[in-house]
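Here are the chains, one letter per residue:
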Amino acid sequence: MKTDGQRELKKQLYYRMLLLRRSEERIVANYHLREMRSPPHMYMGHEAVAAGVCAALRREDVIYPYYRSHGWYLAKGGDLNEMIAELHGRATGCSRGWGGSMHLIHIPSGVMGTTAIVSGNISHAAGAALAFRMKGLNAISVAIFGDGATEEGVFHETLNFAAVYKLPMIFVCENNIYATNTHIKDRQAQTDIFRRADGYGMPGMRIDGNDVLRVYDETGRAVERARIGDGPTLLEYMTYRYLEHCGVNEDLELGYRTEDEVRRWMSIDPVHTAEKFVSEQERKNMESEISAKLDEAFAFAKSSPWPETLIAEEAGA
Amino acid sequence: MKFREAVCDATRLAMEKDSSVFVIGVGIIDPRKVWGTLSGIREQFGDRRFIEVGLAEDALTGVSVGAATHGLRPIIVHHRIDFVLLTMNQLINHAAKWSEMFGRQQSVPLVVRAVVGRGWGNGPQHTQSLHALFSHVPGLKAVVPTNPTDAKGLLLAAIEDDGPVIYIEHRWLHEDDAPVPPGYYVTPLGKAAVVRTGTDATIAAVGPMVAEAMKAAAALEQTGLSAEVLDMRTLRPLDSDTVIQSVVKTGRLVVAEGDWSPCSVGGEIVARVAEQALSALKAAPVRIMWPDICVPSSQTIEAKFYPGAREIQNAVMSVCNHYSQGQTIQNTVKKFDGPF
Ligand SMILES: Cc1ncc(C[n+]2csc(CCOP(=O)(O)OP(=O)(O)O)c2C)c(N)n1
Ligand SMILES: [Mg+2]
């Protein structure tokens, strides 16, 4: 019974990661058509973090991701058609075409607005947690941010606040070593981000963010603590971004990282590593299901109407 | 020389001339060198005068204020003006007040370079202009260069100035190419430029709207109207004298400004003309501004969002009571394939 449950969980985790990977690949393949006009921050390489974290949450729990948003949106259950339509700037998009890639939202599945000013979202998540507490709800809130975001004052202010009030929330850091193209060692003297937690009186730990089962387990423990009123946890997930910081291309020519480093991370690719969770037949079925969903989503997006401009037409124009 | 190269040239010249000048910012060591506006600076002057900071805009601004009161001249560089909002406490409560608050015993000579984005669905949080916000506060100066020559001259003037200066540069002007005087020179702060003389109407333009105003003026000439175009260049201190002089001659005023209308620079220009030269006006002034909404991401709304030469031309014809058929030009938009 337990092993059946385990197998089902692993299958689900793999499916989620595959969905994230294939969606990003499809966006990359179509980007040159110039129909998706907004700055995309691709998620390839990070998949295990969003898939593992979101699998440990309930639907009523909320996440506050950042502009590297696609994976989080999908992992938490955001509607695929609406996301692809949003990237196309259409009225049927999850933000009605007004936000674009950096500003996704899907309220029914608990994806709160993703934003493009680094670190602002961290305090929003704490505000949601405060609201859940005041309203007597059992939901928890998750702040999601990169290693660079932890350098901003609001990260520290919010950790302190959340710890003092034992807010029902989790802080999830996706440490991919770079902020844009600047290495963490050029920005931080103490690069163990999880240690910041200790300074504010909450548990913190560093976890292999490419191992989806570990991500799921550790998030689950933090969720449990948050839900029973033991307060927040800082989880630092080590992972790696494959493509350029913003855009759909590789970026080795910039010279800020080595081919060797990229290869090393790709050799522990989270999606590939988890392939063993499913049978060959199951994998094939998943591939064709996801492919069909993406076909549908792109067709939906391209046939959707443009948003109303809300801008008064000039008389006689 | 391209606009972005002129920014770089000014930075290099200032740093060669004065060893107290240094550059500080988030992501300035990035191989893209802030769109090439800092190419070669780190290599020439070394890390002692080229200070990369993690994501800490607020603190680095405070650090710059402290350093400036000790005789250094920081140039803070931001990839977007939207990020400057994280530093408003340091800029407005501290930098802008410091000199007066302590009886003018110290000055705070710092420059904040801030890039305004546009296009490719950059959306609500990466395309604000906000220049009016920075023009509101005593103790701050604000400049918006519109061509490579002024990009260089105004940056050098801003660095020489003994107070905090916000230097607002538009991403879309970075690739503009024009001859630039060699060597060190300054474009004085607080002086608008008359970039085209005319007799029927004054177009006071800010930032990228200057180029649009020039296109509109050329088209207006075809319909028999002569427009004078002013590049405001410095928004604080605002050179309303030049506007008033022009309006006294033309009797009509159109302001073209890429920012929101309430409490804008255009509002201030119109107010000063009303206060000081009401009798010169033959028609009510018109402001061509952004619609009163955030800058949306979707390409269709984005395309309607930005007014251009066409709206300016129509405004001038309307203040001149001069309507001709089928003459209005179409707005052209620069090709920009993002991502940011
Ligand atoms: C306040 C602010 N400063 C700077 C930027 C420009 N910027 C966008 S993403 C980014 C890097 C953030 O790095 P990190 O938090 O590690 O997230 P990652 O992109 O690596 O996932 C920077 C500097 C911004 N958007 N907001
Ligand atoms: Mg990072």
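Computed from a prediction, not measured in an experiment: that's the story for all the values here. (Residues numbered from 1 in each chain as written. Chains lettered and ligands numbered in written order. Predicted model: local features only at pLDDT ≥ 70, side-chain atom pairs only at ≥ 80, totals over all residues. Heavy atoms only, no water.)

Participant: Account for helix 6 (residues 153–164) of chain A, naming residues and giving values.
Facilitator: Residues and elements named next belong to chain A. With twelve residues, helix 6 extends 17 Å between its outermost C-alpha atoms, agreeing within 8% with the 16 Å of an ideal straight helix rising 1.5 Å per residue. Within helix 6 the residues assigned to the buried category are F155, T158, L159, A162 and A163. Angular distribution of buried residues about the axis of helix 6 spans 125°; they occupy a single face of the element. Opposite its buried face, helix 6 presents the exposed residues E157 and V164, each directed more than 90 degrees away. Contact partners of the buried residues in helix 6: helix 5 (120–134), strand 2 (141–146), strand 3 (169–175), helix 7 (196–200) and strand 7 (233–238). Within two residues after helix 6, K166 carries a phi angle of roughly 45°, on the positive side. (Helix = DSSP H or I, 4+ residues; strand = E, 2+ residues; numbered from the N terminus. Expected span 1.5 Å × (residues − 1). Buried < 20%, exposed > 50% of the residue type's maximum accessible area, 1.4 Å probe, protein only. Arc of directions from axis to C-beta. Contact = heavy atoms within 4.5 Å.)

Participant: Mind laying out the site of ligand 1, listing which residues take part and the relevant values?
Facilitator: Taken together, 20 residues form the shell around ligand 1, and within it Y67(A), R68(A), D147(A), G148(A) and E57(B) come nearest. Mapping the residues near ligand 1 onto chains gives chains A and B. Contact between ligand 1 and G148(A): an oxygen atom at 2.8 Å from a main-chain N or O atom of the residue. Separating an oxygen atom of ligand 1 from a side-chain N or O atom of N176(A) is a distance of 3.0 Å. By residue class, the composition of the shell around ligand 1 is eleven nonpolar, five polar and four charged. (Near = heavy atom within 4 Å. Polar contact = N/O pair within 3.5 Å; in protein donor to acceptor, adjacent residues only side chain to side chain. Nonpolar A, V, L, I, M, F, W, Y, C, P; charged D, E, K, R; others polar.)

Participant: Hey, could you go over helix 4 (residues 57–69) of chain B for me, with residue numbers and the actual values?
Facilitator: Residues and elements named next belong to chain B. The first and last C-alpha atoms of helix 4 sit 19 Å apart over 13 residues, in line with the 18 Å expected at 1.5 Å per residue. Those residues of helix 4 that fall on the buried side of the exposure criterion are E57, L60, T61, G62, S64, V65, A67, A68 and T69. Contacts made by the buried residues of helix 4 are with strand 1 (21–26), strand 2 (50–53), strand 3 (73–78) and helix 5 (88–101). Directly after helix 4, the chain includes G71, whose backbone phi takes a positive value near 90°.

Participant: Tell me what's going on with the packing of aromatic side chains, and back it up with residues and numbers.
Facilitator: Taken as a whole and assessed by the stated rule, the structure comprises 14 aromatic pairs over all chains. Ring geometry for Y31(A) and W120(B): centres 6.0 Å apart, planes at 70°, overall edge-to-face. Separated into two different chains, Y31(A) in helix 1 (residues 2–31) and W120(B) in the loop between strand 4 (111–116) and helix 6 (131–134) make up a pair that spans both. Residue W120(B) is classed as buried on the basis of its relative accessible area, which comes to 5%. Linked through ring pairs, W260(B), W290(B), F305(B) and Y306(B) together constitute an aromatic cluster. The ring of W306(A) has R90(A) lying over it, and the distance from NZ or CZ to the ring centre is 3.8 Å. For the cation-ring pair, R118(B) lies above Y306(B), with the distance from its terminal atom to the ring centre recorded as 3.7 Å. (Phe/Tyr/Trp six-rings, centres within 6.5 Å; stacked < 30°, edge-to-face > 60°. Lys NZ or Arg CZ within 6 Å of the ring centre and 35° of its normal.)

Participant: So, unusual backbone geometry: which residues are in play, and what are the values?
Facilitator: All names here are of chain B. Look at the link from R236 to P237: it is a cis peptide, with omega at -5°. Structurally, the position occupied by P237 is in the loop between strand 10 (234–236) and helix 9 (240–250). Between G338 and the following residue, P339, the backbone shows a cis peptide bond with an omega angle of -5°. Note on placement: P339 falls in the segment after helix 12 (309–319). Even without being a glycine, V34 presents a positive backbone phi close to 50°. Phi is positive for W120, close to 50°, though the residue is something other than glycine.

Participant: How would you summarise the sheet that holds strand 2 of chain A if you had to cite specific residues and measurements?
Facilitator: Residue and element names in this part refer to chain A. Taking strand neighbours across the sheet as the criterion, the five strands line up as 1-2-3-7-6 in an open arrangement whose pairing is parallel. Sheet topology places strand 1 (62–64) and strand 6 (204–208) at the edges, where each strand pairs with a single neighbour. Each neighbouring strand pair of the sheet contributes to a mean axis angle of 20°, computed without reference to strand direction. As defined by bridge partners, strand 1 adjoins strand 2 across three bridges and the pair is classed as parallel. By the bridge assignment for strand 2, I63 is matched with V142. (Pairing = 2+ DSSP bridges. Axes fitted to C-alpha atoms, helices over the stretch in contact; angles between N-to-C directions.)

Participant: Tell me about the nonpolar core, residues and numbers included.
Facilitator: The nonpolar side chains of a soluble globular protein tend to be buried with one another. Ranked by size, the top nonpolar core spans 101 residues in total, and within it W72(A), F145(A), M169(A), F171(A) and V172(A) carry the most contacts. By residue number, the principal contributor to this core is helix 1 of chain A, which donates ten residues. W72(A) has contacts with Y43(A), V49(A), A50(A), V53(A), C54(A), I63(A), P65(A), Y66(A), I144(A), V172(A) and E174(A), leaving out every residue within four places of it along the chain. Of all hydrophobic cores here, the second largest spans 59 residues; its members include A114(B), F134(B), V255(B) and A277(B). (Core = buried A, V, L, I, M, F, W, Y, C linked by side-chain atoms within 4.5 Å.)

Participant: Describe a nonpolar patch on the surface, naming the residues involved and giving the relevant values.
Facilitator: A cluster of nonpolar side chains, F161(A), V164(A) and Y165(A), forms an exposed patch at the surface whose accessible area comes to about 300 Å². Note that V164(A) resides in helix 6. (Patch = residues over 30% accessible without salt bridge, like charges linked within 9 Å, V, L, I, M, F, W, Y side chains within 5 Å. Areas by Shrake-Rupley, 256 points an atom, 1.4 Å probe, with all protein chains shown as cover. Salt bridge = Lys/Arg side-chain N within 4 Å of Asp/Glu carboxyl O.)

Take it as geometry only, folks, not as evidence of what the structure does.
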